[in-house]
Structure formats: structure tokens, C-alpha cells
Amino acid sequence: MRLLGLMILLWPISVAYAQETSNPDPNRFSKSFAAFAEQDRDHPLEKRGTVFVGSSSVRMLDIPKYFPGIVALNRGFGGAHISDVNHYLEQAVLQYEPNTVVFFCGGNDLWSGKSPAQVRADFDAFTQRLFDRVPKAKLIVLATRPSPKRIRIIEQEHQLNALFEAAADRDKRVTYLDGSASRFLDEAGKPRPELYAEDQLHMNHAGYLIWGEIIRPHLRPLFLVGGDISTLAKIEQLGGTFRHDNDAGDCIAILRSQGWNCFRLRLFVQPTMRNAVVQDLPYTLALAKRIKESGAQLLLNFHYSDTWADPGHQNKPAAWAGLDFDALVRRVKSYSAETIAAFKAVDVLPDIVQVGNEITPGFLWPDGKVYRENDSVEHWSEFTTLLKAAIEGVRQPLDETDLVRVMIHIDGGGRRAKTRYFFDRILKHGVQFDVIGQSYYPWWHGTLEEARQNLSKTAVAYRKDIVIVETAYPWRGAQWWANRDNMAWPITSEGQSTFLAELADTVRQTAENRGLGIIYWYPEAINVAGMNIWNGGATAIFDEEGNVLPGAKAMAPAE
């Protein structure tokens with residue numbers, strides 16, 4: 001703060017006497033922005049997302065690697081000055097109307113001879129145009145990072161950072177991250193060479209890990225809103241029709257219009273083909289193609305069974321019944337690999353893969369059962385050996401460009417002790433995964449406040465993104481539901497909508513921005529002849545005529 005105070009005192013003198021250095025020609029980046037425009041045509045970014053902008057440290061940033069789960073554009077261009085960012089601001093940032101902008105620039109300006117005051121003036125022009133166009137945007141400013149190669153301008157970098165910090169102090173929309181400078185300095189105030197690439201200017205992997213650590217808590221990943229629509233094709237085959245305002249349409253398209261951006265599909269090994277248990281590989285691939293064509297994300301749910309897998313039922317497939325334990329481990333891995341390879345081969349690779357469904361008591365019983373009858377020993381070793389084989393199989397067909405995350409799903413909901421007990425033990429046994437999935441049905445899994453506390457404590461304890469990957473609430477049939485536990489909302493379509501809005505807000509408020517989304521269970525459960533529907537359709541997200549209910553839109557983030 002002493003340096004900041006000194007800079008404020010000297011500010012008028014700096015402005016008055018500093019000789020300005022000319023800005024470089026921004027047209028040297030015209031090819032870069034032509035390439036960006038082509039990327040936008042092929043893979044458009046939905047508005048209100050995140051944009052990284054700045055110089056070469058941004059350009060070289062692998063966003064999926066260091067910010068898994070964050071959907072963001074990289075608009076870094078090597079050698080950029082802030083004047084260049086301002087010249088291309090419409091193409092680089094403003095056209096996307098972003099919720100969040102991550103900004104790293106200014107070092108090249110100082111190196112070219114510009115004063116901190118001149119750079120600050122360009123930065124002020126940047127912020128004014130940004131907030132004029134997107135008043136509610138959040139701007140994250142990374143401190144200019146001293147480097148061994150540019151050690152002679154380290155004092156000017158400190159001065160510029162003090163001015164960035166002052167800007168953040170005046171505007172609550174601006175967050176200044178000092179760690180982009182201070183974390184790269186040793187106790188003597190010198191740049192730490194082990195954090196830099198061979199050129200001693202740009203960061204290496206260790207440096208980018210620091211960026212990931214300091215930036216990520218300030219970013220909100222794409223919030224997943226959707227449902228498990230595994231029975232959709234069967235219901236359609238039996239004559240089910242879905243509507244929006246009484247107009248018939250494609251169910252996926254209707255839900256996409258309500259803000260849904262992710263759909264889950266379950267997969268059985270050799271399903272019984274009775275009632276809703278029809279999800280074999282060809283069926284699931286066909287439905288996955290429809291999901292991907294809609295532009296939504298896909299969450300694939302391996303049940304590792306021929307029928308329903310849940311805390312009370314985790315029976316292994318009949319075809320695997322005669323395998324000894326070692327052979328079963330090998331088969332779980334090969335089956336998982338073969339399945340993911342099949343999805344990849346037809347270009348419908350899942351974005352997230354669940355290895356097992358509500359596997360709190362283990363899976364692939366009896367071999368992978370944790371709590372066995374008349375046995376006081378808990379069999380975590382056998383269970384986690386099978387679990388690790390499944391995860392290895394999922395990852396085997398993937399290359400470094402395949403951005404697939406692995407989810408572990410339990411029925412913890414609002415049950416903190418159960419959640420902690422399970423994840424402490426699988427982590428102790430070395431299970432490596434990316435996302436935590438939780439089921440939360442209030443009548444089974446506690447109050448909303450208990451879920452809120454469990455989500456945040458789990459996020460802090462394990463540093464993992466969390467999805468409520470199953471939930472539901474009835475919109476009719478109060479006589480059957482009202483006396484169940486924790487039914488705090490009216491059993492009407494309005495009550496269902498309120499429950500989902502409050503649950504979605506709860507997930508979004510998870511500590512460290514770790515609440516990744518909410519997936520509704522069986523939203524398409526309308527009654528059709530020839531099929532028994534879960535809860536008689538009372539917990540569907542469509543009414544008895546097939547019209548989408550207001551609860552669908554209640555889950556999506558507000559505009």
C-alpha cells in the first residue's frame with residue numbers, strides 16, 4: 001500500500017512529464033483475427049460466457065487443461081499491447097457480450113518504452129468501452145508478471161500493477177489478482193526462474209498451474225441444466241407427444257428452448273428390454289446423436305448392469321457372472337474402453353462419463369460390494385479396484401484433445417456424513433476422477449439447507465466440481481406426496497418450479513464456484529399405453545397433455 005500511495009501522489013507528475021511512446025500498428029494481427037472469425041463460424045460461443053484476452057501468455061494458455069469445466073474463448077495474440085486490444089475490442093470481446101473477461105496485458109507496452117501512466121490510460125479506455133457495452137460484466141485483471149528476461153523493467157511493472165489495483169479499488173466490477181505477480185517472485189523479490197519456459201519470458205506448466213489456482217475461484221463454469229432423457233425414444237415409439245404452448249414438437253428442442261444445455265443417457269450392458277430398461281448401445285448411440293446435433297452436452301451413465309443400478313441394486317451383468325475377480329476387472333476395463341471408442345467413432349463423444357450409478361455401497365455385486373452380509377469388514381479395496389478399471393477403460397480410447405471428464409455419482413444429497421465417508425475412502429485408495437455427482441430427492445436426501453451445506457463443504461474438502469445429477473419434485477398428486485419428508489413446496493406445477501429454482505440457486509452458490517449444474521430425473525415421463533411410468537408421471541417436467549411445465553425454465557440461469 002506504501003507503493004500505491006506513492007503512485008497516487010506522483011500521478012499528476014507522471015502524466016505531465018512522461019513522453020508518450022507511439023502505439024504499434026494493430027494491423028499486424030489482421031490474420032489472427034481472420035482466424036478467430038473462422039473459429040466463431042465453426043464453434044460459436046453463446047453470449048454471456050467468459051473471454052480471456054491479452055498478450056502471448058493468454059494465447060499460449062490451454063483453457064481446457066488448466067480450467068476444466070470452463071467454457072471460454074481464448075482471444076490472446078502474441079506481442080499485443082493494450083492499444084491492440086482496444087483496436088480489436090469489438091471482435092475480441094464485445095461481440096460476445098461476456099459475463100466475465102480475464103485480462104492480461106501491459107508488459108509489452110512497458111517493454112516498448114511506454115510509461116505506466118500511458119499504459120494505464122489505455123487500460124482506462126478498455127474498461128470504459130467494456131462497461132459501456134456490457135455494464136454487468138465482471139473484469140478480472142491479472143497483475144503484470146515480472147520475468148527474468150525483462151528484469152530491467154520490474155519497477156515499472158510494480159508501478160503499473162499499483163495502478164491496476166487502484167482501478168479495482170474504485171470499481172467493484174473489477175477484480176485485481178496480485179498473485180499473477182507476487183506468486184512468481186522469490187523472497188528477495190526476484191522472478192522465480194523455475195516457473196518460466198526456456199525463453200525466461202513466458203510461463204511453463206508450473207506457472208500456468210499458478211494461474212489456474214488464482215483465477216479459477218473467480219470463474220463460473222457453464223452451468224449445466226438438463227435431464228436424464230434415457231426413455232425418450234421408447235416413449236416416442238409408443239406414441240408419446242411433447243408440446244410447448246400446445247404446439248407439438250421435438251422434446252429435445254422444446255427443452256433446449258427452455259435453457260437446457262445437457263442431457264444424460266444411461267447404458268445397460270444387455271438390458272432386459274422390459275418397460276424402461278431398453279438402453280443398449282445402439283439405442284443409446286442413436287439418442288446421443290440427437291443430443292449432440294441439438295448443440296447440447298452429453299452425460300453418459302454406465303450402469304454396469306443389465307437393469308437398474310442404485311443403492312439397493314448393483315448386480316453385475318449376467319454375461320459376467322462366471323468371471324473370477326481378476327477377469328472381471330479386465331472385462332470392466334475392456335467394456336468401458338470399447339463403449340467409449342464406439343461413441344468416439346460416430347462423433348458423439350460424451351462430455352462427462354459416470355462410472356456407475358449411485359455407487360455409495362459399491363457396484364458389480366457381489367465382487368464390488370462394500371458392505372457384505374454377515375461381514376464386519378468393509379471391502380473398499382475390491383470395489384475401488386473395479387472402479388479404477390472402469391475409469392482406465394473410459395480414458396483408454398481418448399487422446400489429449402478429447403475433453404471428457406469422469407464423474408463419481410452417489411446418493412449423498414443432503415447427507416454430509418455419508419458423502420465424506422465415501423469420498424474419503426475412495427480417495428485413500430487412489431481413485432482419480434474429475435466431477436462429483438449427487439442425487440438429491442428431498443423426500444430421501446434431506447432438507448435443502450442440508451444439501452446446501454453438504455455441497456459447499458464437499459467442494460472445499462475435495463476441490464471438485466459438483467452436479468446434482470438426479471432430482472425431481474411432483475407437480476400433482478398431493479394426497480400421495482404431502483406426508484413425505486421435506487416436501488416444503490406446494491405439490492403443484494408452481495411448487496415444482498419454485499423447488500427447482502431454489503435448488504438451482506443452491507447449487508450455483510456452492511463454495512469456490514464448484515456447483516456445476518442440475519440434471520432432472522426422467523423429465524419425459526408422460527403416460528403412454530404399454531409402459532409403466534415412474535410415479536405415474538407426477539414428477540415429469542411435462543403435464544398430462546405433454547406440455548412443458550414452468551419448472552423446466554426455472555432451472556436455467558436468469559437472463
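It should be noted that the structure appears before, not after, this text.
Please read all numbers here as calculations on a predicted model, not as lab measurements.

Core analysis: the largest hydrophobic core is formed by 98 residues, its most contacted members being Leu255, Tyr304 and Ile408. By residue number, the principal contributor to this core is helix 16 (residues 380-395), which donates 8 residues. Dropping the residues within four chain positions of it, Ile408 is found in contact with Val355, Ile359, Leu387, Ile391, Phe422, Phe423, Ile426, Phe433, Val435, Ile436 and Gly437. Judged by nonpolar contacts, the second largest core, of 38 residues, contains Phe36, Tyr88, Leu94 and Phe131.

Packed helix pairs are specified by the crossing angle of their axes together with the interaxial distance, meaning the distance between the axes. Their axes nearest at 10 Å, the elements helix 17 (residues 416-428) and helix 19 (residues 448-462) cross at an angle of 20°. It follows that helix 17 is roughly parallel to helix 19 by the angle criterion. Crossing hand, helix 17 versus helix 19: right-handed. On helix 19, the residues that touch Arg416, Thr419, Arg420, Phe423, Asp424 and Leu427 of helix 17 are Asn454, Lys457, Thr458, Ala461 and Tyr462. Its residues placed into classes, the contact of helix 17 with helix 19 shows 4 nonpolar, 3 polar and 4 charged.

So, on to the environment of Ala92. Mapped onto the elements, Ala92 comes out in helix 6 (residues 89-92). Classification of Ala92 by relative accessible area gives buried; the value is 0%. Expressed as a C-alpha distance, the spacing of Ala92 and Val51, which sit 41 residues apart in the sequence, is 8.3 Å. Apart from residues no more than four positions distant in its own chain, Ala92 is found in contact with Phe33, Val51, Val53 and Arg75.

Aromatic ring pairs are described here by two measures, namely the spacing of the ring centres and the angle between the planes. Tallying each qualifying case throughout the model produces 43 aromatic pairs. Measuring from centroid to centroid gives 4.9 Å for Tyr473 and Phe499, while their planes differ by 25°, and the two rings are stacked. One end of the pair, Tyr473, is in the loop between strand 14 (465-470) and helix 20 (478-481); the other, Phe499, is in helix 21 (residues 493-508), and 26 residues separate them in sequence. Accessibility classification places Tyr473 together with Phe499 in one group, the buried group. Across the ring face of Phe184, the terminal group of Arg145 is positioned such that the distance to the ring centre comes to 5.7 Å.

Another point: the pairing of strand 14. Of all the 6 residues making up strand 14, 6 are buried; the element is thus mostly covered by neighbouring parts of the structure. As judged from the 5 bridges shared by strand 13 (residues 435-439) and strand 14, these two strands associate in the parallel manner. In the sheet register, Gln438 faces strand 14, and the bridge partner there is Ile468. Summarising the sheet, strand 14 and strand 15 (residues 515-521) pair through 3 bridges and their orientation is parallel. By the bridge assignment for strand 15, Ile466 is matched with Gly515.

All right, on to the pattern of salt bridges then. Within this structure, the stated rule accounts for 31 salt bridges. Among the salt bridges present, the one from Glu213 reaches Arg183, with a minimum N-O distance of 3.3 Å. Here Glu213 is found in helix 11 (residues 205-215), whereas its partner Arg183 is found in the loop between helix 10 (179-182) and helix 11, with 30 residues between them in sequence. The partner of Arg264 in a salt bridge is Glu470, and the shortest N-O contact between them spans 2.9 Å. A residue pair is termed long-range when its members are at least 10 positions apart, and Arg264 in strand 9 (residues 262-267) and Glu470 in strand 14 qualify at 206 residues. Both residues of the pair, Arg264 and Glu470, count as buried.

Each neighbour pair has its own omega, and for Trp365 with Pro366 the value is 5°, a cis peptide bond. Examined against the element boundaries, Pro366 turns out to sit in the loop between strand 11 (352-355) and helix 16. Of note, Asp245 is a non-glycine position whose phi angle comes to about 55°, a positive value. Examined against the element boundaries, Asp245 turns out to sit in the loop between strand 7 (242-244) and strand 8 (247-249). Positive phi is not limited to glycine here, since Asp347 has a value of about 60°. Note on placement: Asp347 falls in the loop between helix 15 (325-345) and strand 11.

Take the sheet that holds strand 4 (residues 138-142) next. Across the sheet, 5 strands lie side by side as 2-1-3-4-5; this open sheet has parallel pairing. This sheet does not close on itself; its edge strands, each paired only once, are strand 2 (72-76) and strand 5 (174-177). Strand-to-strand twist across the sheet, computed as the mean angle between neighbouring axes with direction ignored, equals 15°. Examined bridge by bridge, strand 1 (residues 50-54) and strand 3 (residues 100-104) share 5 bridges and lie parallel to one another. Of the residues in strand 3, the one forming a bridge with Thr50 is Thr100.

Our focus in this paragraph is the sheet that holds strand 11. Read around the barrel, 8 strands follow the order 6-9-10-11-12-13-14-15 and close on themselves; strand pairing throughout is parallel. Strand-to-strand, the axes of this sheet are offset by a mean angle of 25°, without reference to chain direction. Contacts from helix 17 reach strand 12 (405-410) and strand 13, with the element oriented near 135° to strand 12. Contacts from helix 21 reach strand 14 and strand 15 within the one sheet, and its direction differs from that of strand 15 by about 155°.

Glancing now at the side chain of Thr100. Position of Thr100 relative to the elements: it lies in strand 3. Setting aside residues up to four positions removed in sequence, Thr100 forms contacts with Gly49, Thr50, Val51, Lys138, Ile140 and Leu219.

Reading the values: the criteria
- Residues numbered from 1 in each chain as written.
- Predicted model: local features only at pLDDT ≥ 70, side-chain atom pairs only at ≥ 80, totals over all residues.
- Heavy atoms only, no water.
- Core = buried A, V, L, I, M, F, W, Y, C linked by side-chain atoms within 4.5 Å.
- Buried < 20%, exposed > 50% of the residue type's maximum accessible area, 1.4 Å probe, protein only.
- Helix = DSSP H or I, 4+ residues; strand = E, 2+ residues; numbered from the N terminus.
- Contact = heavy atoms within 4.5 Å.
- Axes fitted to C-alpha atoms, helices over the stretch in contact; angles between N-to-C directions.
- Parallel < 35°, antiparallel > 145°, perpendicular 65-115°, else oblique.
- Left-handed = near helix turned anticlockwise from the far one by under 90°.
- Nonpolar A, V, L, I, M, F, W, Y, C, P; charged D, E, K, R; others polar.
- Phe/Tyr/Trp six-rings, centres within 6.5 Å; stacked < 30°, edge-to-face > 60°.
- Lys NZ or Arg CZ within 6 Å of the ring centre and 35° of its normal.
- Pairing = 2+ DSSP bridges.
- Salt bridge = Lys/Arg side-chain N within 4 Å of Asp/Glu carboxyl O.

It is worth stressing that arrangement in space is one thing and function is another; only the former is reported here.
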